[in-house]
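Breakdown of the fold
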Amino acid sequence: MGTPGSGGDVIAPGAGGGDLAARQAELVAALVAGGPLPAGFAPAPVDAARRALLRKRAGDVARHWPLLAAGLGDAWPATFADWAAGRPTNGSLRDGWDLARELHRRGELPPLGAEELAVREAASRYDGATPPRPRRLPALARAGGAVAVRLAGRVRLLRPARR
(Lines give C-alpha, C1' and ligand atoms only; values in the text may rest on other atoms or scores of the structure.)
Protein backbone atom coordinates (compact mmCIF):
# COMPACT_ATOMS: atom_id res chain seq x y z
CA MET A 1 0.00 0.00 0.00
CA GLY A 2 1.25 3.47 -0.74
CA THR A 3 1.97 6.10 1.82
CA PRO A 4 -0.76 8.68 2.39
CA GLY A 5 -0.71 11.21 -0.42
CA SER A 6 1.72 9.19 -2.57
CA GLY A 7 -0.90 8.51 -5.22
CA GLY A 8 -0.23 4.79 -5.63
CA ASP A 9 1.04 1.55 -4.34
CA VAL A 10 4.68 1.16 -3.41
CA ILE A 11 6.49 -2.02 -4.38
CA ALA A 12 8.49 -3.37 -1.49
CA PRO A 13 12.19 -3.93 -2.24
CA GLY A 14 12.70 -7.38 -3.71
CA ALA A 15 8.95 -7.89 -4.29
CA GLY A 16 8.40 -7.97 -8.05
CA GLY A 17 11.20 -5.53 -8.85
CA GLY A 18 12.63 -7.91 -11.44
CA ASP A 19 9.22 -8.12 -13.13
CA LEU A 20 8.98 -4.31 -13.21
CA ALA A 21 12.48 -4.04 -14.68
CA ALA A 22 11.62 -6.61 -17.34
CA ARG A 23 8.41 -4.74 -18.27
CA GLN A 24 10.32 -1.45 -18.44
CA ALA A 25 12.90 -3.05 -20.73
CA GLU A 26 10.11 -4.39 -22.96
CA LEU A 27 8.54 -0.92 -23.17
CA VAL A 28 11.88 0.72 -24.02
CA ALA A 29 12.49 -1.90 -26.72
CA ALA A 30 9.02 -1.21 -28.16
CA LEU A 31 9.67 2.53 -28.17
CA VAL A 32 13.19 2.70 -29.58
CA ALA A 33 14.17 -0.65 -31.10
CA GLY A 34 11.07 -1.89 -32.90
CA GLY A 35 10.23 -4.44 -30.21
CA PRO A 36 6.71 -5.84 -29.76
CA LEU A 37 4.15 -3.95 -27.71
CA PRO A 38 4.20 -5.26 -24.13
CA ALA A 39 0.97 -6.60 -22.69
CA GLY A 40 -1.12 -4.05 -20.85
CA PHE A 41 -0.13 -1.02 -22.96
CA ALA A 42 -2.47 0.73 -25.35
CA PRO A 43 -1.07 0.71 -28.90
CA ALA A 44 -2.01 4.29 -29.86
CA PRO A 45 -0.12 6.12 -27.07
CA VAL A 46 2.93 3.88 -27.44
CA ASP A 47 2.94 4.46 -31.21
CA ALA A 48 2.63 8.23 -30.68
CA ALA A 49 5.55 8.16 -28.25
CA ARG A 50 7.60 6.05 -30.69
CA ARG A 51 6.98 8.55 -33.52
CA ALA A 52 7.88 11.49 -31.24
CA LEU A 53 11.14 9.80 -30.22
CA LEU A 54 12.00 9.15 -33.89
CA ARG A 55 11.37 12.85 -34.71
CA LYS A 56 13.60 13.90 -31.81
CA ARG A 57 16.28 11.44 -32.88
CA ALA A 58 16.07 12.72 -36.50
CA GLY A 59 16.62 16.27 -35.24
CA ASP A 60 19.64 15.19 -33.21
CA VAL A 61 21.15 13.38 -36.19
CA ALA A 62 20.46 16.38 -38.46
CA ARG A 63 22.51 18.56 -36.09
CA HIS A 64 25.49 16.22 -36.58
CA TRP A 65 24.85 15.67 -40.31
CA PRO A 66 23.37 18.97 -41.56
CA LEU A 67 24.34 18.47 -45.22
CA LEU A 68 22.82 14.99 -45.32
CA ALA A 69 19.57 16.31 -43.86
CA ALA A 70 19.58 19.35 -46.17
CA GLY A 71 20.31 17.18 -49.19
CA LEU A 72 17.27 15.04 -48.45
CA GLY A 73 15.14 18.13 -47.81
CA ASP A 74 11.50 17.38 -47.04
CA ALA A 75 12.22 13.65 -47.34
CA TRP A 76 14.64 13.77 -44.37
CA PRO A 77 12.19 12.95 -41.55
CA ALA A 78 10.58 10.05 -43.40
CA THR A 79 13.89 8.70 -44.72
CA PHE A 80 15.42 8.77 -41.28
CA ALA A 81 12.32 7.32 -39.57
CA ASP A 82 12.12 4.45 -42.07
CA TRP A 83 15.78 3.63 -41.54
CA ALA A 84 15.79 4.04 -37.75
CA ALA A 85 12.43 2.47 -36.89
CA GLY A 86 13.83 -0.92 -35.91
CA ARG A 87 17.29 0.15 -34.82
CA PRO A 88 18.39 1.24 -31.37
CA THR A 89 20.48 4.38 -31.42
CA ASN A 90 24.27 4.33 -31.42
CA GLY A 91 24.39 8.08 -30.88
CA SER A 92 23.57 10.83 -33.34
CA LEU A 93 26.96 10.94 -35.05
CA ARG A 94 27.08 7.20 -35.65
CA ASP A 95 23.41 6.98 -36.64
CA GLY A 96 23.97 9.62 -39.32
CA TRP A 97 27.12 7.88 -40.51
CA ASP A 98 25.37 4.52 -40.73
CA LEU A 99 22.40 6.06 -42.58
CA ALA A 100 24.69 7.90 -45.02
CA ARG A 101 26.58 4.68 -45.75
CA GLU A 102 23.30 2.81 -46.27
CA LEU A 103 21.98 5.47 -48.65
CA HIS A 104 25.32 5.41 -50.51
CA ARG A 105 25.17 1.62 -50.80
CA ARG A 106 21.64 1.89 -52.27
CA GLY A 107 22.65 4.70 -54.64
CA GLU A 108 20.27 7.14 -52.91
CA LEU A 109 22.77 9.46 -51.20
CA PRO A 110 22.16 13.10 -52.25
CA PRO A 111 25.19 15.11 -53.44
CA LEU A 112 25.43 17.20 -50.25
CA GLY A 113 25.30 14.03 -48.16
CA ALA A 114 27.98 12.44 -50.37
CA GLU A 115 30.29 15.39 -49.77
CA GLU A 116 29.69 15.27 -46.03
CA LEU A 117 30.27 11.51 -45.94
CA ALA A 118 33.49 11.78 -47.97
CA VAL A 119 34.84 14.46 -45.62
CA ARG A 120 33.92 12.39 -42.53
CA GLU A 121 35.48 9.24 -44.00
CA ALA A 122 38.70 11.12 -44.76
CA ALA A 123 38.85 12.70 -41.30
CA SER A 124 37.96 9.69 -39.15
CA ARG A 125 38.12 5.94 -39.09
CA TYR A 126 34.75 4.29 -38.39
CA ASP A 127 34.12 0.57 -38.64
CA GLY A 128 30.39 0.68 -37.90
CA ALA A 129 30.80 -1.05 -34.54
CA THR A 130 33.01 1.18 -32.41
CA PRO A 131 33.06 4.99 -32.05
CA PRO A 132 34.86 6.93 -34.80
CA ARG A 133 38.53 7.75 -34.20
CA PRO A 134 40.46 10.59 -35.86
CA ARG A 135 42.84 9.46 -38.56
CA ARG A 136 46.52 10.18 -38.03
CA LEU A 137 47.84 9.36 -41.49
CA PRO A 138 46.88 10.86 -44.85
CA ALA A 139 43.63 9.48 -46.23
CA LEU A 140 41.50 9.66 -49.37
CA ALA A 141 37.75 9.06 -49.29
CA ARG A 142 35.09 8.88 -52.00
CA ALA A 143 31.32 8.88 -51.85
CA GLY A 144 28.84 9.54 -54.65
CA GLY A 145 31.46 11.20 -56.84
CA ALA A 146 32.77 13.42 -54.04
CA VAL A 147 36.45 13.08 -53.18
CA ALA A 148 38.02 14.29 -49.93
CA VAL A 149 41.60 14.07 -48.75
CA ARG A 150 43.21 14.39 -45.33
CA LEU A 151 46.76 15.74 -45.35
CA ALA A 152 48.76 17.40 -42.58
CA GLY A 153 45.83 17.25 -40.18
CA ARG A 154 43.39 19.03 -42.53
CA VAL A 155 40.57 17.65 -44.62
CA ARG A 156 39.77 19.16 -47.99
CA LEU A 157 37.01 18.37 -50.43
CA LEU A 158 38.90 17.89 -53.72
CA ARG A 159 35.91 17.20 -55.93
CA PRO A 160 32.25 17.88 -55.14
CA ALA A 161 29.63 15.23 -55.81
CA ARG A 162 27.83 15.07 -59.13
CA ARG A 163 24.72 17.20 -59.09
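Our subject is the structure listed above.
Overview of the structure.

Reading the values: the criteria
Residues numbered from 1 in each chain as written. Predicted model: local features only at pLDDT ≥ 70, side-chain atom pairs only at ≥ 80, totals over all residues. Heavy atoms only, no water. Patch = residues over 30% accessible without salt bridge, like charges linked within 9 Å, V, L, I, M, F, W, Y side chains within 5 Å. Areas by Shrake-Rupley, 256 points an atom, 1.4 Å probe, with all protein chains shown as cover. Salt bridge = Lys/Arg side-chain N within 4 Å of Asp/Glu carboxyl O. Helix = DSSP H or I, 4+ residues; strand = E, 2+ residues; numbered from the N terminus. Expected span 1.5 Å × (residues − 1). Buried < 20%, exposed > 50% of the residue type's maximum accessible area, 1.4 Å probe, protein only. Phe/Tyr/Trp six-rings, centres within 6.5 Å; stacked < 30°, edge-to-face > 60°. Pairing = 2+ DSSP bridges. Axes fitted to C-alpha atoms, helices over the stretch in contact; angles between N-to-C directions. Arc of directions from axis to C-beta. Contact = heavy atoms within 4.5 Å.

1. Some words on a nonpolar patch on the surface
A contiguous nonpolar surface patch, about 210 Å² in accessible area, is contributed by Val28, Val32 and Leu53. Inspection of the secondary structure puts Val32 in helix α1 (residues 17-32).

2. Let's talk about helix α6 (residues 111-123)
If you check α6, its first and last C-alpha atoms are 18 Å apart, about what 13 residues at 1.5 Å a residue would give, namely 18 Å. For α6, every residue scored as buried is listed here: Gly113, Ala114, Glu115, Glu116, Leu117, Ala118, Glu121 and Ala122.

3. Section: the packing of aromatic side chains
Each aromatic ring pair is described using two quantities: the centre-to-centre distance and the angle formed by the ring planes. For the structure shown, the criterion picks out 4 aromatic pairs. Where Trp76 meets Phe80, the ring centres are 5.5 Å apart and the plane angle is 35°; that geometry is what we call tilted. Within this pair, Trp76 and its partner Phe80 are both found in helix α4 (residues 76-84), separated by 4 residues, close to a single helical turn. The same class applies to Trp76 as to Phe80, namely buried.

4. What to know about the sheet that holds strand β5 (residues 154-159)
The 3 strands are arranged β3-β4-β5 in an open sheet whose pairing can be described as antiparallel. Since the sheet does not close on itself, it has two edges, and those belong to β3 (139-143) and β5, each with one partner. Mean inter-strand twist for the sheet, computed between neighbouring axes without regard to direction, equals 20°. In this sheet, β5 lies alongside strand β4 (residues 146-151) in antiparallel orientation, the contact comprising 5 bridges.

5. Some thoughts on the environment of Ala33
Following the sequence through the fold, Ala33 ends up in the loop between α1 and α2 (43-64). For Ala33, a relative accessible area of 27% gives the class partly exposed. In sequence terms Ala33 and Arg87 are 54 residues apart; their C-alpha atoms lie 4.9 Å from each other.

6. Details of unusual backbone geometry
If you check the backbone angles, Ala152 has positive phi at about 50° while not being a glycine. Residue position: Ala152 is located in the loop between β4 and β5. For Ala152, a relative accessible area of 80% translates into the label exposed.

7. A short note on α4
Residues of α4 that are buried include every one of Trp76, Thr79, Phe80, Trp83 and Ala84, and no others. The arc that holds the buried residues of α4, viewed along the axis, is 115°, so those residues lie on one side. Where α4 is buried, its residues touch α2, α3 (66-72) and α5 (92-106).

8. A closer look at the pairing of β3
For a regular strand, side chains alternate in direction, first toward one face of the sheet and then toward the other. Side chains of β3 alternate between two faces, with Ala139, Ala141 and Ala143 buried and Leu140 and Arg142 left unburied. In terms of strand pairing, β3 meets β4 through 5 bridges, oriented antiparallel. Along β4, the bridge assignment pairs Ala143 with Ala146. A loop of 2 residues connects β3 with β4, the two strands running antiparallel in sequence, and Gly144 in this loop sits at a positive phi of about 55°.

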